[in-house]
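Descriptive structure summary
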Amino acid sequence: MKLESMYQEIILDHYRSPHHKGLRDGFGAEVHHINPTCGDEVTLRVHLDDESQGEQAIIKDVSYESQGCSISQASASVLTDLVIGKNVAEAFAVHEAFLELMQSKGEAQGDEDVLEDAVAFAGVSKFPARVKCALLSWMALKDATAQALARSTQKETEQ
Amino acid sequence: MTAELTRTAAIDVERVRKDFPILERTVGEGRPLVYLDSAASSQKPRQVIEAMSDYYAHHHSNVHRGVHALAEEATALYEGARDKVAAFINAPDRNEVIFTKNSSEALNLVASVLGWAGEPYGLGPGDRVVITQMEHHSNIVPWQLTTQRTGSELAWLGLTDDGRLDLSNLDEVVNEHTKVVSVVHVSNILGTVNPLEVIVRRAHDVGAVVVVDASQSAPHLPLDVQTLGADFVAFTGHKMLGPTGIGVLWGRAELLNELPPFLGGGEMVGVVNMEGSTYAPIPHKYEAGTMPIAEAVGLGAAVDYLTALGMDNVARHEHEIVSYALERLGAVDGLRIIGPTEPEQHGAAISFILSVEGLGEIHPHDVGQVLDEQGIAVRVGQHCARPVCVRYGIPATTRASFSVYTTRAEIDALVDGLEHVKRFFGA
């Protein structure tokens, strides 16, 4: 059935018990993203080990507070599992793969080696109104990481 | 569905439903459509669809611009629609009925020209505009823009915990500096019917112009602009069985005559010289360019349809449906109604939050998605009224809204659907 293809058990598990939730100290940048049509909101912090390494910097932690539907909440939880411990370039590659899956209108399955639990979102791509729910925290991650890196470059220039 | 379930005291709903072709269709896996989203946009009877198609098939031309037969027929139909609307709202003068694109454009028109006007109506530093916390964004943002541009001040009336306007400080908020009070007649998110009489009286006491957003009342209650006592009233066609792309601004002739034009262009002018122009008399002064003619004709047909049913009957039917819905929804375990829970002074929309044991509140998006699977169409989100959600500390709501074709059986389907939602997300 169509509905179960969206609400996979993995998604509902992440929704009921989200991973890495809560805001933690020691972060390079914090962003607040909203989805004005439905009221979903996320505040997300990224902590990089050494910002001067640019895209080679390791993502030490991603912490967040959010409110929203099951899809947006589960997506944020899956995101943290996927990117914590990876370097920025690797995390952005995962983001690209997830974006491609979400834009596939139900045609793609997603590469489980790259996306792990996030392949469960394949069914969401059939529901155009829900795609932006799934992408909210990923957009926030990209924004926060870019800000953390930019801040480090700025510091170097100032020095 | 039995006749007993589909007939209210006021309206033979079974017969009404036969006029709405879309209500015959199914959604998803062959589910009959349960359309509970009429506050976002109502469905259209075949009388409206046919009036528009007949207009295009047999009478179309530009209006007010030709001497040929079609130009005259099109003009008669377009101006005939204005007469129908004028009668529908009991306007003292048909020229006070201005066609716009929708309510938003009507409200932007008023906010803009009051911002541009000279004394005594114009806004400037030291002047105040008063709105309320339960406005639709379309009655907030135009006033923010105007007050920001003119250096005037925006103030608002708050809400009580039970979803009504807090009028305890009405005299302080609507003070002697107040030049405009713009208020919604029926809230699109809470369903509250506001006591306009009190507000209009206070506003006029301090010499303010009163604007009423009647988007959610024109489709549901008898609307008499003379009894209302406001200076401007805005509403939209597509929520009252008419087409999209057409709305109405009614305004007092003396104000419309005095205030500056809104959009410039063809048809709104008297004499055009390279140095400057004079303007057409109302209503044409506020109708620049080729207007949505077919849409006006469609709105005229919608007004005929509602008038034939009788707006008193429409109001009685919907009151019965709202009472039944409040009672049934109120009995759903884990359901909290946002807004008034009594049917008195309650419009045809009910917002709520659904919770389930083990999970807590189920986000409205998820509620709406699982209802959709069962063929039930509701609206989820903030309903273009974010300040209301902030006021009640909620991210969003699920909203069921009703119209002339809504049956009690559909309310039953919604309640069953919500039980299914709880089973789906329950731990």
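Please read all numbers here as calculations on a predicted model, not as lab measurements.

Looking only at helices and strands, chain B features 15 helices and 18 strands. For 427 residues, the compact-globule formula gives about 22 Å, and the C-alpha radius of gyration of chain B, at 22 Å, lands near that figure. Taken along its principal axes, the extent of the C-alpha atoms in chain B is 75 × 55 × 35 Å. Out of the 427 residues in chain B, the part that is buried amounts to 60%. Counted over contacts in chain B with a minimum sequence separation of 6, partners at least 24 positions apart contribute 71%.

This part covers the UniProt feature "domain: NIF system FeS cluster assembly NifU N-terminal" (unreviewed entry) in chain A. The sites that carry the UniProt feature "domain: NIF system FeS cluster assembly NifU N-terminal" (unreviewed entry) are, in the present numbering, residues 6–133 of chain A. Measuring from the first to the last C-alpha atom of residues 6–133 of chain A gives 12 Å, for a span that is 38% helix and 20% strand.

This part takes up the interface of chain A and chain B. Each partner contributes residues to the interface: chain A has 23 residues there, and chain B has 19 residues. Interface area for chain A against chain B, summed over the two sides, is near 1,600 Å², with a carbon-plus-sulfur share of 56%. Viewed at the interface, chain B and chain A are joined by 2 salt bridges. Asp366(B) is the partner of Arg130(A) in a salt bridge, and the nearest nitrogen-oxygen pair spans 3.0 Å. Where chain A packs against chain B, one counts 8 residue pairs in polar contact (both at pLDDT 80 or more). Contributing elements (two or more residues each) for the side of chain A that touches chain B: α1 (2–6), α2 (9–16), β2 (40–48), α3 (70–83) and α6 (128–158) of chain A. Broken down by element, the side of chain A that touches chain B gets its largest block of residues, 4 residues, from α1(A).

Residue and element names in this part refer to chain A. Mapped onto the elements of the fold, Ser-125 is located in the loop between α5 (112–115) and α6. For the pair Ser-125 and Leu-101, spaced 24 residues apart in the sequence, the C-alpha separation amounts to 7.1 Å. Other than its neighbours up to four places away in sequence, Ser-125 contacts Leu-101, Met-102, Ser-104, Lys-105, Gly-106 and Val-131. At 2.7 Å, the side chain of Ser-125 and the backbone nitrogen of Gly-106 are in polar contact.

Two side chains with opposite charge may pair up if their charged atoms get near one another. Residues and elements named next belong to chain B. The final tally for this structure, using the stated rule, is 26 salt bridges over all chains. The partner of Asp-171 in a salt bridge is Arg-202, with the nearest N and O atoms 3.4 Å apart. A residue pair is termed long-range when its members are at least 10 positions apart, and Asp-171 in helix α7 (residues 170–173) and Arg-202 in helix α8 (residues 196–205) qualify at 31 residues. Residue Glu-320 is joined to Arg-408 by a salt bridge in which the shortest nitrogen-to-oxygen separation is 3.0 Å. Here Glu-320, found in helix α12 (residues 311–330), pairs with Arg-408, found in helix α15 (residues 408–425); they are 88 residues apart in sequence, far enough to count as distant. Through salt bridges that share partners, Glu-79, Arg-82, Asp-83, Arg-94 and Glu-287 make up one connected network.

A few words now on the confidence of the model for chain A. Summing up the model confidence of chain A, the mean pLDDT is 92 and the portion of residues at 70 or higher is 97%. The lowest-confidence element of chain A is α1(A), averaging 81 in pLDDT; the highest-confidence one is helix α4 (residues 88–102) of chain A, averaging 97.

Another point: the side chain of Ser152(B). Residues and elements named next belong to chain B. Tracing the backbone shows Ser-152 in the loop between α6 (141–150) and β6 (153–157). Among the polar contacts listed, one links the side chain of Ser-152 to the side chain of Thr-150, at a separation of 2.7 Å. Apart from the residues within four sequence positions on either side, Ser-152 is in contact with Leu-123, Gly-124, Pro-125, Asp-127, Thr-146 and Thr-147.

Residues and elements named next belong to chain B. The topology assignment puts Ser-217 in the loop between β8 (209–213) and α9 (225–228). C-alpha of Ser-217 to C-alpha of Gly-191: the two residues are 26 residues apart in sequence and 9.9 Å apart in space. Each residue touching Ser-217, except ones within four places of it in the same chain, is listed here: His-185, Val-186 and Leu-223.

One finds Leu44(A), Ile71(A), Phe121(A) and Phe402(B) to be the most contacted residues of the largest nonpolar core, which totals 83 residues. For this core, the element with the most residues is α6(A), which contributes 11 residues. Among residues more than four places away in sequence, those in contact with Leu44(A) are Ala29(A), Glu30(A), Val31(A), Val62(A), Ser63(A), Tyr64(A), Ser137(A), Ala140(A), Leu141(A) and Ala144(A).

What counts and what doesn't
Residues numbered from 1 in each chain as written. Chains lettered and ligands numbered in written order. Predicted model: local features only at pLDDT ≥ 70, side-chain atom pairs only at ≥ 80, totals over all residues. Heavy atoms only, no water. Helix = DSSP H or I, 4+ residues; strand = E, 2+ residues; numbered from the N terminus. Rg over C-alpha atoms; globule rule 2.2 N^0.38 Å. Buried < 20%, exposed > 50% of the residue type's maximum accessible area, 1.4 Å probe, protein only. Contact = heavy atoms within 4.5 Å. UniProt positions renumbered as here; feature names shortened; annotations may be inferred. Buried area = accessible area lost by both parts, 1.4 Å probe. Salt bridge = Lys/Arg side-chain N within 4 Å of Asp/Glu carboxyl O. Polar contact = N/O pair within 3.5 Å; in protein donor to acceptor, adjacent residues only side chain to side chain. pLDDT = per-residue confidence, 0-100. Core = buried A, V, L, I, M, F, W, Y, C linked by side-chain atoms within 4.5 Å.

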